[in-house]
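Examining the three-dimensional arrangement
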Amino acid sequence: MVTIDCRDVEPIKNELLVYVSDQVAAIPTLKLHEFTLSPVEEHEIIDKKAVITAIREFLDSIGETRNFAVISNSDIILIKSITGKSIQRKPKPVAKMFTCTHCGFVTQYEVEHNNHVKIHYL
């Protein structure tokens, strides 16, 4: 499991999570000021270099590469502002999402989530 600390890039945390998890094929878990990436299979290991590369690619795509450093320390990756300023965008409204704890299936509909979970107990 790899933890990405997003305190300095809080307004773009959700977009970053989606991009990075797609690039490295990992299961994301959103937390207050960070997100974690877990491998799909228990025996797999997440490539931290690929995660750092994906973060840098995302920052480059929004024109923020020069303003932020991506620092790796063990299983924690920190995105730190070089100039001391954080990104000042208004975060987009996030729809409530429901995630299956068994397989990671994600939906925005509670009824669909409840029906999906029942399938695991058939």
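Please refer to the structure placed before this passage.
Presented here is a report on the structure given in the accompanying data block. The structure displayed is predicted, hence computed values, not measured ones.

**Considering the overall build of the protein**
Each helix and strand counted, the protein has three helices and seven strands in total. For the protein, the sequential pattern of α-helices and β-strands runs β-α-β-β-α-β-β-β-β-α. Dimensions along the principal axes, computed over C-alpha positions, put the protein at roughly 55 × 35 × 20 Å. Here the protein, with 122 residues, has 32% of them falling under the buried criterion. Sequence-distant contacts, at least 24 apart, represent 44% of the contacts inside the protein between residues at least 6 apart.

**A look at the pairing of strand 5 (residues 76-81)**
Sheet faces and side chains relate simply in a regular strand, where the side chains alternate between the two faces. Side-chain alternation along strand 5 places I77, I79 and S81 on a buried face and I76, L78 and K80 on a face that remains uncovered. Taken together, the six bridges between strand 4 (residues 68-73) and strand 5 define a ladder with antiparallel strand orientation. By the bridge assignment, F68 is partnered in strand 5 with S81. Joining the antiparallel neighbours strand 4 and strand 5 is a turn of two residues, in which S74 adopts a positive phi near 60 degrees.

**A look at the sheet that holds strand 2 (residues 26-30)**
Taken in spatial order, the five strands line up as 2-3-1-5-4 in an open sheet, and their pairing is mixed. Pairing within the sheet leaves two strands with one partner each, and these edge strands are strand 2 and strand 4. Ignoring which end each strand starts from, the neighbouring axes of this sheet average 20 degrees apart. Against the sheet, helix 1 (residues 13-24) engages strand 2, strand 3 (34-39) and strand 5, with an angle of about 160 degrees to strand 2. This element, helix 2 (residues 48-61), spans strand 1 (2-5), strand 3, strand 4 and strand 5 of the sheet and lies at about 170 degrees to strand 4.

**Details of the environment of S81**
Residue placement: S81 occurs in strand 5. Taking the C-alpha atoms as reference, S81 lies 6.2 Å from D8; in sequence the two are 73 residues apart. With near-sequence residues (within four places) excluded, S81 lies in contact with D8, N67 and F68. Among the polar contacts listed, one links the side chain of S81 to the backbone nitrogen of G84, at a separation of 3.0 Å.

**Points about the environment of E15**
Along the chain, E15 falls in helix 1. Separated by 28 residues in sequence, E15 and H43 have C-alpha atoms that sit 27 Å apart.

**Describing the pairing of strand 3**
By the bridge criterion, four bridges tie strand 1 to strand 3 in an arrangement that is antiparallel. What sits directly across from D5, in strand 3, is E34. Bridge count for strand 2 against strand 3 is five bridges, and the pairing is antiparallel. Following the sheet pairing, T29 is matched in strand 3 by T36. The antiparallel pairing of strand 2 with strand 3 creates a hairpin that spans three residues between the two strands.

Cut-offs used in this document
Along each chain, numbering runs from 1 in the same order as the chain's sequence is written. With pLDDT at 70 or above as the cut-off, local features in this predicted model cover only qualifying residues; side-chain atom pairs require 80 or more to be listed or tallied, and sums for whole chains, interfaces and linings still use all residues. By convention in this description, side-chain values take in all heavy atoms of the structure and omit both hydrogens and water. Helix numbers and strand numbers start at the N terminus; a helix is a DSSP run of H or I with at least 4 residues, a strand a run of E with at least 2. When a residue's accessible area, from a 1.4 Å probe over protein chains only, is under 20% of the maximum for its type it is buried; when over 50% it is exposed; and in between it is partly exposed. Whether two residues are in contact is decided by their heavy atoms, any of which lying within 4.5 Å being enough. Two strands qualify as a pair provided that DSSP identifies no fewer than 2 bridges between them. Whenever a helix is involved, its axis is fitted only over the stretch in contact; in every case the axis is a line through C-alpha atoms, and angles between N-to-C directions fall within 0 to 180 degrees. Here a polar contact is recorded for every N or O atom pair within 3.5 Å, except that within protein the pair must consist of a potential hydrogen donor and a potential acceptor, and residues adjacent in sequence are included only if both atoms are side-chain atoms.

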